[in-house]
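Read off the chains here:
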Amino acid sequence: AKFSEEGSMLADRAQANAKRYHEIFAEAIDSVLEDPVLLPPNPEVLERRGDVIDILHRQRLETEERHRREREGREGAEEGIQNGGMEAENQVESPFPKILFRRYELRLAPNASDAMSISLRHIRSSSIGKLVSVRGMITRCSDVKPHCEVCAYSCDRCGFEIFQQTNGKHFTPIRICPAPLCSNQGASGEDTVHTQTRGSKFTKYQEVKLQELPNQVPIGHIPRSMTVHVTGELTRTTSPGDIVKISGVFLPTKFEGYKALKAGLTADTYLRAFQIEVEKKSYDDRGDISAEKENELTTKVEAIAFSKDPVGRLSRSIAPEIFGHDDVKRALLLQLVGGCEKKLSDGMRIRGDINICLMGDPGVAKSQLLKYISSVAPRGVYTTGKGSSGVGLTAAITKDQTTGDMALEGGALVLADKGVCCIDEFDKMDESDRSAIHEVMEQQTVSIAKAGITATLNARAAVLAAANPLYGRYNRRKGLSENINLPNSLLSRFDLMFLILDVADTDNDIALARHVTFVHKHSGATSEESGAMKKNSQGEEVDDEEDRPVQPDVVREYISRARQHQPSIPTEVAPYVVEAYVSLRQQDTNGPKDNNNSDQTVMTARQLLSILRLAQALARLRFSDFVATEDVDEAIRLTHMSKASLLDSNTGTNQNAEDITSRIFGIIRDYNNSIRGSTEVEYKAIEAMVLRKGFNIEQLNTCLEEYESLNILQVNEGRTAIEFLMDN
């Protein structure tokens, strides 16, 4: 107990004066280890290891031994005493520093009870010299450069060796030899001491800019930043965009150059890093989790995977407090999963990320959906159109304060690499700023040619944009191109584009009002409102676990495991995709012409790639390595629904008077009329055709049940064929 109490007191003192105790601990370790200065290294081990410091040390010992033998054999006591005194003084005055032989890195980790990280604005002047833990986002990383810890010199006149230990960024080099031989002969006025780079010790050094997280910044304030000095093996462990927890010593440093004249007695501060933990890197890097937590997540993921409708359950778990938008949530789930990136042999790359645009009236929860996606997705970045410039989205040219060189600082799209970049108020961006996104959305790179820097940065991010119509609310009297003030070249880069309108409907308004009041009453969408309370055969309410919303950490784990699969298009599915694409192209060609809408809703080759990406994402959610025809049908349905929302917005109520059941029956009837001399149609063909038109299986089953009750058609027991009982 006494030892533990003394150990805790020592730990508290070390945290309060971390820099000094770091030196004390290093000296203690050096005293415990064998002294390399007194023990000559083994020549065989030395040749095999090839360490420069050990080789120079051995040469120095051999030189001293040779001088000693020469001194004993010489005649003349005066000359021998002079040389011996010189060599003895040289040996005392220029020993090898201990830091020269340290082949380890000493780091101080914070106590487990005090490991709670804080934001940058909560660090005060009382924290100087203490061990602190801060949490933030990396915005800039400098190049890794060598930092001189021990500088070695040699005298050209007497061969004397001097070692100077440096502290900080600057030091004054030695110019005059301190050996007695040179001092007794008098100063000649010329510099005889020269730096020996081979005998010096260098370590890796990197500067990192740490910035506050958006949720740590109070309203009306700007984010604060801090410079972090990283050395040794901690370099290159982070990249811009990572959310990290850094533990280190908070130290002051004086200003340099012209800033020192203006600063006066004030000093700048920096953080000397001892420990770096990357928190939210990507789906594949989950970090260190306990075995118990991993088993619990595995059990929950398997329960979702073997449920009736895993895709539907996961899509309902995306922003469960928001009512409706089933197809939009399903599309956002597919965006989180993403498709497979293709790298061809000639170096061409086909993106696998899915871009989605949400266009709609105010108050339809577009911004809330963007906020939720940015919080769930690793490396999710949320920005607004008016608050972001073209430079802020792509990359900016900044001047490195350490070297004075020009450096690139990544913007929002670069920081969201391998993540999702959510851009709100997309329509309010300037045209010059919006043009910077064209390259990112298709090639997924940012090309920079500024200030003599020509570079290409990776921006492999999925873009989720939200925009309002040109007149605030959608004007039904005007065409689609007049309401959406975005160029066609940009709209074609979106895989899915939904138009969400605020239409007055009594049933939907009642359901929405009940949902909103329930969320405010119970502080969240629980099982009752989300449909998890169902009645059994006795009329009692039971809790249905499959309809309960899934927690965000389980959703993230499910997506992480789904992204490990790389589904491909089988040989038997490829003709089906070709046929579906050609039929959709024919529908656009033979469909009703609308000069206002045809340019922005036409089916292009990019839509074919979008269908393939959506189908691959659906196959990933099934933990499958092959794309099935059902995945293609669902991808076509989502594509059709996104287009239908754009086309139906401009049609009148008279054209939409026909209900869904009648429209599905019209599809079945038209297909039966095309097959002459038969009153029976294949069920799978009808199902695929209905799904391509934008309907789902539940709506098809409802239509069949209703017309079966009217004795118009009949489905056989095996549900393989549909037969018309009367002339249609």
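Our subject is the structure that appears above.
Since we're looking at a predicted model, the values are computed, not measured.

What counts and how
- All residue numbers here refer to positions counted from 1 along the written sequence of the relevant chain.
- Local features are withheld for residues below a pLDDT of 70 in this predicted model, meaning they are given only at 70 or higher, and side-chain atom pairs are given and counted only at 80 or more; totals for whole chains, interfaces and linings count all residues.
- Excluding hydrogens and water, the side-chain values take into account all heavy atoms of the structure.
- Secondary structure counts use DSSP, requiring at least four H or I residues in a row for a helix and at least two E residues in a row for a strand, with both numbered from the N terminus.
- Accessible area is worked out with a 1.4 Å probe on protein chains only. A residue is then buried under 20% of its type maximum, exposed over 50%, and partly exposed in between.
- The contact rule is simple, with two residues in contact once any of their heavy atoms fall within 4.5 Å.
- To be clear on the numbers: accessible area is Shrake-Rupley with a 1.4 Å probe, and residue cover counts the displayed protein chains and nothing else.
- A patch consists of residues exposed above 30% relative accessible area that lack any salt bridge, with like charges linked at up to 9 Å and nonpolar side chains (Val, Leu, Ile, Met, Phe, Trp, Tyr) linked at up to 5 Å.
- Think of a salt bridge as a Lys or Arg side-chain nitrogen and an Asp or Glu carboxyl oxygen that are within 4 Å of each other.
- His residues and chain termini do not enter the charge count, which takes Lys and Arg as positive and Asp and Glu as negative.
- What counts as an axis is a line fitted to C-alpha atoms, over the stretch in contact for a helix, and the angles between N-to-C directions run from 0 to 180 degrees.
- The cut-offs work like this: below 35 degrees is roughly parallel, past 145 is roughly antiparallel, 65 to 115 is roughly perpendicular, and the gaps in between are oblique.
- Helix crossings are classified by the rotation of the near helix relative to the far one: an anticlockwise turn of less than a right angle makes the crossing left-handed, while a clockwise turn makes it right-handed.
- In this count, Pro and Cys sit with the nonpolar residues alongside Ala, Val, Leu, Ile, Met, Phe, Trp and Tyr, while Asp, Glu, Lys and Arg are called charged and the others, Gly among them, polar.
- Working definition of a nonpolar core: buried Ala, Val, Leu, Ile, Met, Phe, Trp, Tyr and Cys residues. They are joined through side-chain atoms within 4.5 Å.
- Should DSSP find at least two bridges between two strands, the strands are taken to pair.
- Side-chain rings of Phe, Tyr and Trp, where Trp is taken by its six-membered ring, are said to pair if the distance between their centres is within 6.5 Å; with planes under 30 degrees apart they count as stacked, over 60 as edge-to-face, and otherwise as tilted.

Trainee: Describe the overall build of the protein, with residues and values.
Mentor: Within the protein, the secondary structure is distributed over 27 helices and 23 strands. By the burial criterion, 41% of the 728 residues in the protein qualify as buried. At a minimum sequence separation of 6, the contacts of the protein that also span at least 24 residues come to 70%. For the protein, the accessible area works out to roughly 39500 Å², and carbon and sulfur atoms hold 50% of it.

Trainee: Let's hear about a nonpolar patch on the surface: which residues, and what values?
Mentor: Taken together, the side chains of Phe323, Leu512 and Val516 make up a nonpolar region of the molecular surface, amounting to roughly 220 Å² of accessible area. Counting through the fold element by element, Val516 comes out in helix α18 (residues 506-522). Judged by its relative accessible area of 37%, Val516 is partly exposed.

Trainee: Could you give me a rundown of the side chain of Arg620, with the residues and numbers involved?
Mentor: Mapping Arg620 onto the fold places it in helix α23 (residues 605-621). One buried charged residue, Arg620, remains without a salt bridge, the closest side chain of opposite sign being Asp353 at 7.4 Å. When neighbours within four sequence positions are excluded, Arg620 is seen to be in contact with Val337, Gly338, Gly339, Cys340, Ala562, Arg563, His565, Gln566 and Pro567.

Trainee: Can you explain the pattern of salt bridges? Please cite residues and give values.
Mentor: If you walk through the whole model with that rule in mind, you get 16 salt bridges. When the shortest N-O distance is used, the salt bridge between Lys204 and Glu233 registers 3.4 Å. Here Lys204, found in strand β4 (residues 193-211), pairs with Glu233, found in the loop between β5 (225-231) and β6 (243-253); they are 29 residues apart in sequence, far enough to count as distant. Of the residues examined, Glu233 reaches a relative accessible area of 52% and is grouped as exposed. Three or more residues are tied together by salt bridges with common partners; here these are Asp327, Arg330, Glu634 and Arg637.

Trainee: Give me the lowdown on the environment of Arg585, citing residues and values where you can.
Mentor: If you trace the backbone, Arg585 turns up in helix α21 (residues 574-590). The class of Arg585 is partly exposed, set by a relative accessible area of 37%. When the C-alpha atoms of Arg585 and Thr604 are compared, they prove to be 7.9 Å apart, with 19 residues separating the residues in sequence.

Trainee: Talk me through the packing of helix α25 (residues 660-674) against helix α26 (residues 683-692); I want residue IDs and the actual numbers.
Mentor: In the contact formed by α25 and α26, the axes pass within 10 Å of each other and the chain directions differ by 130 degrees. Classed by the angle they form, the pair α25 and α26 counts as oblique. Two packed elements cross with a definite hand, and for α25 against α26 that hand is right-handed. Side by side, α25 and α26 meet where Ile664, Ile667, Ile668 and Tyr671 of the first sit next to Ala685, Ile686, Met689 and Val690 of the second. Of the residues assigned to the contact of α25 with α26, the class counts are eight nonpolar, no polar and no charged.

Trainee: Outline the nonpolar core, listing residues and values.
Mentor: Ile356, Ile373, Leu464 and Val632 are the most contacted members of the largest nonpolar core, which has 58 residues in total. Not counting residues within four places of it along the chain, the set of residues in contact with Ile356 comprises Ala331, Leu332, Gln335, Val463, Leu464, Ala465, Phe494, Leu496 and Phe498. Ranked by size, the runner-up nonpolar core spans 35 residues in total, among them Val381, Ala416, Ile423 and Ala459.

Trainee: So what's going on with the sheet that holds strand β14 (residues 420-424)? Which residues, and what values?
Mentor: The parallel open sheet is built from five strands, whose spatial order is β11-β14-β17-β10-β18. If you trace the sheet from one side to the other, it starts and ends with β11 (381-384) and β18 (496-500), each paired once. Taking the axes of each pair of neighbouring strands and ignoring which way they run, one obtains an average angle of 15 degrees across the sheet. Contacts from helix α10 (residues 326-337) reach β10 (356-360), β14, β17 (462-467) and β18 within the one sheet, and its direction differs from that of β18 by about 150 degrees. Packed onto the sheet, helix α11 (residues 366-376) meets β10, β11, β14 and β17 and runs at close to 155 degrees relative to β14.

Trainee: Outline the packing of aromatic side chains, supporting the account with residue identities and numerical values.
Mentor: Scanning the model with the defined rule gives five aromatic pairs in all. Consider the rings of Phe665 and Phe724, whose centres lie 6.2 Å apart with planes at 55 degrees: the pair is tilted. Residue Phe665 is found in helix α25, and its partner Phe724 is found in strand β23 (residues 721-724); the two are separated by 59 residues along the sequence. For the residue pair Phe665 and Phe724, the accessibility class agrees, reading buried in each case.

Trainee: So what's going on with the pairing of β10? Which residues, and what values?
Mentor: Of all the five residues making up β10, five are buried; the element is thus mostly covered by neighbouring parts of the structure. As paired elements, β10 and β17 share four bridges and run parallel to each other. Each bridged residue has a counterpart across the sheet, and for Met359 the counterpart in β17 is Ala467. Looking at chain direction, β10 and β18 are connected through five bridges and run parallel. By the bridge assignment for β18, Gly360 is matched with Ile500.

Trainee: Outline the sheet that holds β23, listing residues and values.
Mentor: Spatial ordering of the open sheet is given by β21-β23-β22, a layout of three strands whose pairing is antiparallel. Each edge of the open sheet is held by one strand with a lone partner, namely β21 (680-682) and β22 (713-715). Here the strands of the sheet are splayed against their neighbours by 20 degrees on average, with no regard to which way each runs. Taken together, the three bridges between β21 and β23 define a ladder with antiparallel strand orientation. The residue bridging Glu680 from the neighbouring strand is Glu723, located in β23. Packing of α25 onto the sheet brings it into contact with β21, β22 and β23, and relative to β23 it is tilted by some 85 degrees.

Trainee: Before we move on, could you go through α26 and cite the residues and values that matter?
Mentor: All of the buried residues along α26 are Tyr683, Ile686, Ala688, Val690, Leu691 and Arg692. A positive phi of about 105 degrees marks Gly694, the residue just after α26.

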